[in-house]
Amino acid sequence: MSLVEIMLILGALVLLTGVFYLIPVLGKYIEKLAKWLGAFQALIGVIAVIVAVWHFIDVEVDLDSMVLLIVGLILAVSIMSALPMVGKYINKLVKALGAFQVVIGIIALILAFI
């Protein structure tokens, strides 16, 4: 399992925090884990962006790394919006993608296990 896949799993868990309770048997336990990981949301997001960019440069541009970059931007919006010159554009992008947070989380989780 690569670092991109691990970060996809962590990011998907945080993005899907409010959805896991719907899973009959394991839902409440996964929900607890996701809520605990939510405390590290910005850190996971920044690391996800760094890993995605590193994967773009070092290996190749593939679907996993593109989705990881989107997940990282959504999770790290509080830090990324403070960047000079590009912060307000990142904030607008993340607000537009925020409506699809659950869908992006499901896609990230599927890509991590494929």
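Scroll up to find the structure this text is about.
In this text, all values refer to a predicted model and were calculated from it rather than measured experimentally.

Reading the values: the criteria
- Residues numbered from 1 in each chain as written.
- Predicted model: local features only at pLDDT ≥ 70, side-chain atom pairs only at ≥ 80, totals over all residues.
- Heavy atoms only, no water.
- Core = buried A, V, L, I, M, F, W, Y, C linked by side-chain atoms within 4.5 Å.
- Buried < 20%, exposed > 50% of the residue type's maximum accessible area, 1.4 Å probe, protein only.
- Helix = DSSP H or I, 4+ residues; strand = E, 2+ residues; numbered from the N terminus.
- Contact = heavy atoms within 4.5 Å.

## What about the nonpolar core?
The biggest cluster of nonpolar side chains holds 31 residues, and the ones touching the most others in it are Leu 8, Leu 68 and Val 71. At the level of secondary structure, the elements contributing two or more residues to this core comprise helix 1 (3–15), helix 2 (27–38), helix 3 (41–58), helix 4 (63–75), helix 6 (87–98) and helix 7 (101–113). Counting residues per element, this core draws most heavily on helix 1, which supplies eight residues. Not counting residues within four places of it along the chain, the set of residues in contact with Leu 68 comprises Val 4, Met 7, Leu 8, Ala 48, Val 51 and Ala 52.

## Quick word on the environment of Ala 52
With respect to the secondary-structure elements, Ala 52 resides in helix 3. Owing to a relative accessible area of 0%, Ala 52 belongs among the buried residues under this scheme. As for Ala 52 and Gly 72, which are separated by 20 residues in sequence, their C-alpha atoms are 8.4 Å apart. Excluding its chain neighbours within four sequence positions, the residues that come into contact with Ala 52 are Ser 65, Leu 68 and Leu 69.

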